[in-house]
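Secondary and tertiary structure notes
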Amino acid sequence: CPMINFLKDKVADKKSKVAKLGLLHHLIGIAGIVIGFLPGYACPGIGSICLISEISTINLNYRDMQEDRFSSSLFSMINVFIFFLEYTFIRIILIPYGLYMLAYTSVYTFELLPLYRQLALIISFSQIILLSAFNFYWYGKIIKGVGKTLGCLKVKITHLEKLSNDSGAEDSEKYNRVK
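All of these numbers come straight from a predicted model, not from anything done at the bench. (Residues numbered from 1 in each chain as written. Predicted model: local features only at pLDDT ≥ 70, side-chain atom pairs only at ≥ 80, totals over all residues. Heavy atoms only, no water.)

Our focus in this paragraph is the pattern of salt bridges. This model, assessed by the stated rule, comprises one salt bridge. Of the charged contacts, one joins Glu-54 and Arg-91 as a salt bridge, the two residues approaching to 3.5 Å between their closest N and O atoms. Of this pair, Glu-54 sits in the loop between helix 3 (43-52) and helix 4 (57-65) while Arg-91 sits in helix 5 (residues 74-109); the two residues are 37 residues apart in sequence, bridging distant segments of the chain. Under the relative-accessibility criterion, Arg-91 is labelled buried at 8%. (Salt bridge = Lys/Arg side-chain N within 4 Å of Asp/Glu carboxyl O. Helix = DSSP H or I, 4+ residues; strand = E, 2+ residues; numbered from the N terminus. Buried < 20%, exposed > 50% of the residue type's maximum accessible area, 1.4 Å probe, protein only.)

Take a look at the structure:
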């Protein structure tokens, strides 16, 4: 899969926390979707919800391509707002609801399943819980990013960014954002 190879290269080159979490997120997600088809019942449904959640990647990739990730341009603010709504609805509301439905159906169907499907159900359930934990972790970061984009939070400037700005006008503008 090209995405996994890209993430592996990113982890090998930078060893960044974001790249490692991204790789782990995709490995868990892909394995969960594949294993999720074995037990049946609610597992394929929540697998479909997880795949639908990737629609928000379009907005995330656009934001990553911008030079100033916390730009106050109208298009940037609309993009961040749409991403926030998509992420909130699909990953924070819909996936936990699907997890609830999976738990609800599992209570009644677990004993009816053969052993290999029971194991697949346990693995899928565990992976979706872990994936939800990642989603909530990223949601906290997204809320901070929305706050920075709207100017509610101060943007941190690294020492290298201070040195690269000759006029210092951009520094004072970024530091003047209100918490």
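Once the structure has been displayed, the description carries forward.
Now for the confidence of the model for the protein chain. The predicted model of the protein chain averages 76 in pLDDT, with 74% of residues at 70 or higher. Across the protein chain, the element-wise mean pLDDT spans from 48 in helix 8 (residues 169-175) up to 88 in helix 5. Every residue in residues 171-179 is under pLDDT 50, and counting partners more than four places away or in other chains gives 23 contacts. (pLDDT = per-residue confidence, 0-100. Contact = heavy atoms within 4.5 Å.)

Enumeration over the complete set of coordinates arrives at seven aromatic pairs. On the basis of an interplanar angle of 10° and a centroid distance of 5.8 Å, the ring pair of Phe-84 and Tyr-139 is categorised as stacked. In this pair, Phe-84 sits in helix 5 while Tyr-139 sits in helix 6 (residues 115-149), placing the two residues 55 residues apart along the sequence. Looking at Tyr-139, the relative accessible area reads 14%, which means it is buried. Centre to centre, the rings of Tyr-87 and Tyr-139 are 6.0 Å apart; their planes meet at 10°, and the pair counts as stacked. Here Tyr-139 lies in helix 6 and Tyr-87 lies in helix 5, a separation of 52 residues in the sequence. In this pair, the class of Tyr-87 matches that of Tyr-139, namely buried. Within the aromatic cluster, the residues linked to one another by ring pairs are Phe-83, Phe-84, Tyr-87 and Tyr-139. (Phe/Tyr/Trp six-rings, centres within 6.5 Å; stacked < 30°, edge-to-face > 60°.)

With that out of the way, let us pick up the side chain of Gln-127. Summarising the element assignment, Gln-127 is placed in helix 6. The exposure class assigned to Gln-127 is buried, which follows from its relative accessible area of 15%. Once residues within four sequence positions are removed from consideration, Gln-127 is found in contact with Ile-28, Ala-31 and Gly-32.

Next up on the list: helix 2 (residues 17-36). Counted at 1.5 Å a residue, the expected span for helix 2 with its 20 residues is 28 Å, and the 28 Å between its end C-alpha atoms agrees. Within helix 2 the residues assigned to the buried category are Ala-19, Leu-21, Gly-22, Leu-23, His-25, Ile-28, Gly-29, Gly-32, Ile-33 and Gly-36. (Expected span 1.5 Å × (residues − 1).)

Membership of the largest hydrophobic core comes to 13 residues, with the highest contact counts inside it found for Cys-50, Ile-95, Leu-102, Leu-121 and Ile-128. When contributions to this core are tallied by element, the ones reaching two or more residues are helix 3, helix 5 and helix 6. A per-element tally of this core places helix 3 first, with four residues. (Core = buried A, V, L, I, M, F, W, Y, C linked by side-chain atoms within 4.5 Å.)

With 35 residues, helix 6 extends 50 Å between its outermost C-alpha atoms, agreeing within 8% with the 51 Å of an ideal straight helix rising 1.5 Å per residue. Looking one or two residues past helix 6, Gly-151 carries a phi angle of roughly 85°, positive in sign.

Okay, the packing of helix 2 against helix 6 next. Helix 6 packs onto helix 2 with a crossing angle of 150° between their chain directions and a minimal axis gap of 9 Å. Taken as a pair, helix 2 and helix 6 cross one another with a handedness that is left-handed. Taking contact as the criterion, the partners of Lys-17, Val-18, Leu-21, Leu-24, His-25, Ile-28, Ala-31, Gly-32, Ile-35 and Gly-36 in helix 2 are, on helix 6, Ala-120, Ile-123, Ser-124, Gln-127, Leu-130, Leu-131, Phe-134, Asn-135, Tyr-137 and Trp-138. Taken together, the residues of the contact of helix 2 with helix 6 sort by class into 13 nonpolar, six polar and one charged. (Axes fitted to C-alpha atoms, helices over the stretch in contact; angles between N-to-C directions. Left-handed = near helix turned anticlockwise from the far one by under 90°. Nonpolar A, V, L, I, M, F, W, Y, C, P; charged D, E, K, R; others polar.)

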